[in-house]
Amino acid sequence: MSDPKDWTLTQTALLTIDLQNDFLHPDGAYGRAGQGAAAIAALPARIAPLVQALRAKGGLYISAQFTLVPGPGGDPLISPHLKALRPFLKRGDFAPGSFGHQLVDTLQPADFTVEKVAYSAFYQTRLEYILRAMGIRQLIVGGIVTNGGVASTLRDAHLRDIDTVMLTNGCAAFRDEVHDATLLSLGTVTHQMTCTEALDWLEGAA
């Protein structure tokens with residue numbers, strides 16, 4: 001893995017995973033169901049300064065957003081596993097173009113939005129096309145949940161020889177111990193920084 005201090009920031013993107021209204025907003029799917037965590041709610045405000053700092057250096061911000069594709073009758077195409085895990089999900093939740101599907105206001109607008117249907121932002125999405133077309137070679141990654149979409153995306157980036165920085169307090173899980181265990185398990189595939197450390201790096205870069 002290359003040292004982030006040697007990265008060309010015009011070839012770097014900040015990628016957030018699933019920071020959407022249906023996950024974070026009180027009126028979203030998870031908020032209505034009483035599902036949430038303070039650590040998750042704190043993420044947008046913590047990440048927003050990094051978006052601005054990286055853009056100031058010529059980098060990009062990409063938002064990967066979980067999507068439930070509506071079927072012919074309007075009911076979402078949802079895996080049995082997810083339906084069992086989150087029985088409160090219903091028609092209209094995480095639907096493309098809906099309020100719930102949108103990136104939270106604190107982080108809008110993204111330079112690119114990637115709809116995703118599984119954990120990884122690489123799986124069956126246009127992310128790789130965007131990275132190639134824009135000349136992006138490195139990613140700074142945050143979002144939710146640490147052990148799900150974030151971990152899967154980081155591992156898939158590693159398999160593609162894309163260097164990454166994981167924002168250790170720029171991602172979160174519903175349980176702190178799961179978050180901490182995931183940080184430990186990913187230590188060999190990604191660099192890790194706090195948001196403060198990453199902001200100092202970006203603002204101090206030539």
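Residues numbered from 1 in each chain as written. Predicted model: local features only at pLDDT ≥ 70, side-chain atom pairs only at ≥ 80, totals over all residues. Heavy atoms only, no water.

*Asks:* Describe the layout of surface pockets, and please don't skip the residues or the numbers.
*Replies:* Estimated volume of the largest pocket: approximately 630 Å³. Around the largest pocket, the lining is made up of 27 residues, and of these Tyr-30, Leu-82, Leu-85, Tyr-119 and Val-145 lie nearest the centre. Contributing elements (two or more residues each) for the lining of the largest pocket: helix H5 (80-85) and helix H7 (146-159). (1 Å grid on protein atoms, 1.4 Å probe; cavity = no way out; pocket = protein on both sides within 12 Å on 5 of 7 lines; lining within 4 Å. Points joined across faces, edges and corners; volume = space filled by probe spheres on them. Helix = DSSP H or I, 4+ residues; strand = E, 2+ residues; numbered from the N terminus.)

*Asks:* So what's going on with the side chain of Thr-168? Which residues, and what values?
*Replies:* Among the secondary structure elements, Thr-168 is positioned in strand S5 (residues 163-172). Setting aside residues no more than four positions away along its own chain, Thr-168 makes contact with His-179, Leu-183, Gln-192, Met-193 and Thr-194. (Contact = heavy atoms within 4.5 Å.)

*Asks:* Which residues make up the packing of H7 against helix H8 (residues 176-185), and what values go with them?
*Replies:* Each pair of packed helices gets described by two things: the angle between the helix axes and the distance between those axes. At a minimum axis distance of 10 Å, the contact between H7 and H8 shows a crossing angle of 15°. Judged by the inter-axis angle, H7 sits roughly parallel to H8. The element H7 and its partner H8 pack so that their crossing is right-handed. Contacts between H7 and H8 pair Thr-146, Asn-147, Ala-151 and Arg-155 from the former with Val-178, His-179, Thr-182, Leu-183 and Ser-185 from the latter. (Axes fitted to C-alpha atoms, helices over the stretch in contact; angles between N-to-C directions. Parallel < 35°, antiparallel > 145°, perpendicular 65-115°, else oblique. Left-handed = near helix turned anticlockwise from the far one by under 90°.)

*Asks:* Please give an account of the pairing of strand S2 (residues 60-66) that cites residues and values.
*Replies:* Buried residues dominate S2, accounting for seven of its seven residues. Of the two faces of S2, the one holding Leu-60, Ile-62, Ala-64 and Phe-66 and the one holding Tyr-61, Ser-63 and Gln-65 are both buried throughout. One ladder, built from five bridges, connects strand S1 (residues 12-17) with S2; its direction is parallel. In the sheet register, Ile-17 faces S2, and the bridge partner there is Ala-64. Summarising the sheet, S2 and strand S3 (residues 112-116) pair through five bridges and their orientation is parallel. Residue pairing across strands places Ala-64 opposite Val-114, the latter belonging to S3. (Buried < 20%, exposed > 50% of the residue type's maximum accessible area, 1.4 Å probe, protein only. Pairing = 2+ DSSP bridges.)

*Asks:* Report on the nonpolar core, specifying residues and quantitative values.
*Replies:* Counting residues in each nonpolar core, the largest one holds 38 residues, and the members touching the most others are Leu-14, Leu-50, Phe-94, Leu-107, Ile-140, Trp-201 and Leu-202. When contributions to this core are tallied by element, the ones reaching two or more residues are helix H2 (29-32), helix H4 (43-56), S2, strand S4 (138-144), S5 and helix H9 (195-204). Looking at this core element by element, the count peaks at seven residues for H4. Setting aside residues up to four positions removed in sequence, Trp-201 forms contacts with Pro-4, Lys-5, Trp-7, Leu-9, Ile-140, Val-165 and Met-193. Judged by nonpolar contacts, the second largest core, of 25 residues, contains Ala-13, Leu-127, Ile-130 and Ala-151. (Core = buried A, V, L, I, M, F, W, Y, C linked by side-chain atoms within 4.5 Å.)

*Asks:* Kindly report on the UniProt feature "domain: Isochorismatase-like" (unreviewed entry) in the chain, identifying the contributing residues and their values.
*Replies:* UniProt annotation of "domain: Isochorismatase-like" (unreviewed entry) refers to residues 12-196 when read in the numbering used here. End-to-end, the C-alpha atoms of residues 12-196 are 18 Å apart, and along that stretch the chain is 35% helix and 21% strand. (UniProt positions renumbered as here; feature names shortened; annotations may be inferred.)

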